[in-house]
Amino acid sequence: MRSVFLTSSPTGPLDGSRPVEGLDEMNDFVINLKKVWKEKSRCLMITADPDNFWGNDEMTDFFARAVEKSGLSIASFDLWDDRTENFSKEILDSYDVIFLGGGHVPTQNAFFQRIGLREKIQDFEGIIIGISAGSMNSADIVYAQPELEGESVDENYQRYLRGLNLTKTMIIPHYQMVKDRILDGKRLYEDITYPDSMGKEFLLLSDGSYLSIIDGIETVWGDAWNLKDGEKTDARCGD
């Protein structure tokens, strides 16, 4: 049985507003993980920035420490980036837990497509944990919300990408931190994302909130909102 946890930030708010040791316990995240976590799990981090070797090593070490601080047993914590020579499905299936790292959505999406991850991960029977961009790229069709300067005005920037098809839900993370951001002289949400939601539906997650998919049932945990056709409504379900 596969268990999927698509988070905004599993180690606490990126803005530092609420200090967290280890994994974030808010909204029963650690409790729910422990229900499905195996003793001495073999973990794998799949990066968002495949040629940033130093950063990838640091991120993998950080998450390995966070997992252990939360009382979850690990046997190993490996990393897939451009130093990896074999991206086979057999190796992927040998792990118990897969982390989909955070970073720049289009960069990670291109890496996922290059290694054929969508096809390889469909039958994975362990735990999958999405982190920010990793959660966004877990959708069948990914909404790549413009993030870097120039992306929102670039006619060649692709806002919709082919993702991993772990869910049909298009996630946008870090809502509490970026909701008032100005990008390319425009309001990120009111002037860019709201118009993009016409005919679409996005799930906005604050740090500490997440979407779980257990036995095919999707549950939203914590503060979250649906943005559909330019209207934002409360999406909190799990307690």
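Being a predicted model, the structure only gives us computed values, none of them experimental.

Asker: Please explain the layout of surface pockets as it appears in this structure.
Answerer: The rolling of a water-molecule-sized probe over the atoms marks out the regions of remaining empty space. Here the largest pocket defines a volume of roughly 420 Å³. Together, 25 residues line the largest pocket, and Leu-14, Gly-103, Ser-132, Pro-173 and His-174 are the ones closest to its centre. Of all the secondary structure elements, the ones that give two or more residues to the lining of the largest pocket are helix H2 (53–69), helix H6 (133–136) and helix H7 (175–178). Here the lining of the largest pocket gets three residues from one element, more than from any other, and that element is H2. Tallied by class, residues from the lining of the largest pocket come to 14 nonpolar, nine polar and two charged.

Asker: Quick question: what am I supposed to make of the nonpolar core here?
Answerer: Side chains that are nonpolar tend, in soluble globular proteins, to be buried together. Of all hydrophobic cores here, the largest spans 27 residues; its most connected members are Ile-46, Leu-92, Leu-100, Leu-117, Ile-121 and Leu-203. Elements supplying a minimum of two residues to this core: strand S1 (3–7), strand S2 (41–46), strand S4 (97–100), helix H4 (105–114), helix H5 (117–121), strand S11 (201–205) and strand S12 (210–214). Among residues more than four places away in sequence, those in contact with Ile-46 are Trp-80, Leu-92, Ile-98, Phe-99, Leu-100, Gly-101, Gln-108, Phe-111, Phe-112, Ile-115 and Leu-117.

Asker: Any chance you could explain unusual backbone geometry here in plain terms?
Answerer: Leave glycine aside and you will find that most residues have negative phi; peptide bonds, for their part, are mostly trans. You will see that Lys-40, though not glycine, has its phi angle at about 55°, which is positive. Topologically, Lys-40 is positioned in the loop between helix H1 (29–36) and S2. Under the relative-accessibility criterion, Lys-40 is labelled exposed at 58%. With a phi angle near 65°, Asn-165 is a residue other than glycine that sits in the positive phi range.

Asker: Even after reading the chapter, I still don't get the pattern of salt bridges, so can you show me in this structure?
Answerer: When the charged atoms of two side chains with opposite charge come close together, those side chains can pair. Inspection of the entire model under this criterion finds 14 salt bridges. Between Lys-69 and Glu-21 there is a salt bridge, with the nearest N and O atoms lying 3.4 Å from each other. Of the two residues, Lys-69 is situated in helix H2 and Glu-21 in the loop between S1 and H1; the sequence distance between them amounts to 48 residues. Exposure remark for Lys-69: the relative accessible area of 56% places this residue in the exposed category. Judged by relative accessible area, which is 63%, Glu-21 ranks as exposed. Across the pair Arg-83 and Asp-57 runs a salt bridge whose closest N-O atoms are separated by 2.8 Å. In this pair, Arg-83 sits in the loop between strand S3 (74–80) and helix H3 (89–93) while Asp-57 sits in helix H2, placing the two residues 26 residues apart along the sequence. Here Arg-83 falls in the partly exposed class, since its relative accessible area comes to 39%. The partly exposed category is assigned to Asp-57, whose relative accessible area is 34%. Taken together, the shared-partner salt bridges connect Asp-57, Asp-81 and Arg-83 into one network.

Asker: For this particular structure, what's the right way to read the sheet that holds strand S15 (residues 231–234)?
Answerer: Paired through backbone hydrogen bonds, the strands of a sheet run either parallel or antiparallel to each other. Taken in spatial order, the four strands of this open sheet run S8-S11-S14-S15, and their pairing is mixed. The strands lining the two open edges of the sheet, one partner per strand, are strand S8 (170–172) and S15. Neighbour-to-neighbour, the strand axes of this sheet turn through a mean angle of 30°, independent of strand direction. Where strand S14 (residues 224–228) and S15 come together, four bridges link them in antiparallel fashion. If you follow Leu-227 over to S15, its bridge partner there is Lys-232.

Asker: Sorry, what's going on with empty space enclosed by the protein here?
Answerer: Scanning the model with the defined rule gives one cavity of 30 Å³ or more in all. As a volume, the largest cavity reaches approximately 30 Å³. Surrounding the largest cavity, Thr-7, Ser-9, Pro-10, Asp-24, Phe-29, Gly-208, Ser-209 and Tyr-210 form its lining. Residue composition of the lining of the largest cavity, by class: three nonpolar, four polar and one charged.

Conventions used here
- Residues numbered from 1 in each chain as written.
- Predicted model: local features only at pLDDT ≥ 70, side-chain atom pairs only at ≥ 80, totals over all residues.
- Heavy atoms only, no water.
- 1 Å grid on protein atoms, 1.4 Å probe; cavity = no way out; pocket = protein on both sides within 12 Å on 5 of 7 lines; lining within 4 Å.
- Points joined across faces, edges and corners; volume = space filled by probe spheres on them.
- Helix = DSSP H or I, 4+ residues; strand = E, 2+ residues; numbered from the N terminus.
- Nonpolar A, V, L, I, M, F, W, Y, C, P; charged D, E, K, R; others polar.
- Core = buried A, V, L, I, M, F, W, Y, C linked by side-chain atoms within 4.5 Å.
- Buried < 20%, exposed > 50% of the residue type's maximum accessible area, 1.4 Å probe, protein only.
- Contact = heavy atoms within 4.5 Å.
- Salt bridge = Lys/Arg side-chain N within 4 Å of Asp/Glu carboxyl O.
- Pairing = 2+ DSSP bridges.
- Axes fitted to C-alpha atoms, helices over the stretch in contact; angles between N-to-C directions.

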